[in-house]
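Fold and geometry: a report
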Amino acid sequence: MSVFKASIHSPWRQEFNNLVRGISGGFLFGIPLLYTMEVWWIGSSVEPLRLLIAIALTFTIVLLLNQTTGFRNASDIRFRDAVIDSIEAIALGIFCTSCVLVLFQEITLDTPLGEALGKLIYESVPFALGVALSNQLLRDESEEKQQPKENKKQTDRNKQIDGIVADIGATLIGGIIIAFSIAPTDEVPMLAASTSGPWLLGLVFASLLISYAIVFAANFSNQSKRQQQKGMFQDPFSETVISYLVSLITAALMLWFFDKLNLSDPWSIWLRYTLILGLPTTVGGAAGRLAV
Amino acid sequence: MNPMNMNTHTEATQGDGKVGRSPAEWVTFGIAATILSTVIGLVLYVWLGQQRQPPILSVTHEETIREVDGQFYVPFILKNKGGETVESVRVIAELETNHGIKEQSEQEIDFLSGEETQEGAFIFSKNPNNGKLNLRVTSYKLP
């Protein structure tokens, strides 16, 4: 790890940033499909030949995307680089989906190999597309440096309060947009039924990590601006924690809105459902804060 | 940082045309290529090793029967020994006690892929130990 911190401009650090950017884009694009049980089922019943075709098709699309955009910072991309980047995008997709599917216990040691592969490959398709689109979804700061937004003069105090309100608002909106499509579905109770204590803790940790990664760890848009601002929302760790709490409240309210949770339900059900919906909500919230 | 890395980095970013990839990028590529080829290799392995067998379903019940509040819980294990995936597998348990009382319990399993097992339980109000218990799979459909 010390290698990454050695220098902001070291190639290792830069590569690390590129990867985090790719992973973040993948999560933004791929998380709704990770919460779709039909995709798990398709993955488990499909023939191996179809799986290979799926990989080939994904590779082709990602390759086309990588020739124009991609997850690295480069304006002019040669064909060979695009091919290499595409392989990396798919591998990143496979890696991240397998982490989440293991966390959801959709893939366990008891899962037959063919089924695990099917789930993994089908779920990683949108993920790989997200990785390839991550430069579009999360544009680099250098392009936005000149934005007039930054130049507005305000008193420090007003700026602070505005900043906090804006961040909470953005977290809410982003969270609602992503979680709206997941809250009314049956996946939340289904996943809640199959998880237990340690896995829920893992989910909390993963939510915080992904949320942190999306906004801060990589060299994303607005990042330097965000770190210059003062206020409790601007310290990376407290921002991540506060926005996670905001996301959890949003998730709980949405579950209640869609009648998935009732006031008469025991608190443990509330906790499980909320934590499970909390992951996509916090990913959406992080994206929302980026957009502000 | 070693000076060679810095050079490659400058090369790679200053031109922005990606003259060369930094060692870091090659490491990423190495890992990525390994992951992807492993996955493709495993798919091929599954494909070639696949027995084109139709579903073979079996259901067995475990010996440990739990009694709680006058109800008897009989755990069962459903296994698909064949290669194909099946949907909507119905399992029926029939109990005929020594006094001639019949009870039936039914269960539908949504999804069972090849080599997969699912567990569940049938619940009776009479003790299955004092009678004849018969478990069988009645139907399934292909996805």
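Description of the environment of Phe29(A)
Residues and elements named next belong to chain A. Tracing the backbone through its elements, the reader meets Phe 29 in helix H2 (residues 11-34). Put simply, Phe 29 and Thr 281 are 252 residues apart on the chain and 13 Å apart in space, counted from C-alpha to C-alpha. When near neighbours in sequence (up to four residues on either side) are disregarded, Phe 29 contacts Pro 126, Phe 127, Leu 129, Gly 130 and Leu 133.

Comments concerning the domain arrangement of chain A
Residues and elements named next belong to chain A. Looking at chain A, the domain boundaries give domain 1 (1-139) and domain 2 (156-292). Taken residue by residue, the interface counts 17 residues in domain 1 and 25 residues in domain 2. Ranked by residue count, the leading element in the side of domain 1 that touches domain 2 is H2, at nine residues. Residue composition of the side of domain 1 that touches domain 2, grouped by class: eleven nonpolar, four polar and two charged.

Quick notes on unusual backbone geometry
Residues and elements named next belong to chain B. The backbone of Asp 69 sits at a positive phi, close to 50°, despite the residue not being glycine. Tracing the sequence through the fold places Asp 69 in the loop between strand S2 (66-68) and strand S3 (71-80). Positive phi, close to 45°, is recorded for Ser 88, a residue that is not glycine. Take Ser 88: it is sitting in strand S4 (residues 86-97). The exposure class assigned to Ser 88 is partly exposed, which follows from the 14 C-beta atoms found within 10 Å.

Rules and cut-offs
- Residues numbered from 1 in each chain as written.
- Chains lettered and ligands numbered in written order.
- Predicted model: local features only at pLDDT ≥ 70, side-chain atom pairs only at ≥ 80, totals over all residues.
- Helix = DSSP H or I, 4+ residues; strand = E, 2+ residues; numbered from the N terminus.
- Contact = placed C-beta atoms within 7 Å.
- Domains from an automatic or database assignment.
- Nonpolar A, V, L, I, M, F, W, Y, C, P; charged D, E, K, R; others polar.
- Buried ≥ 20, exposed ≤ 12 C-beta atoms within 10 Å, placed from the backbone.

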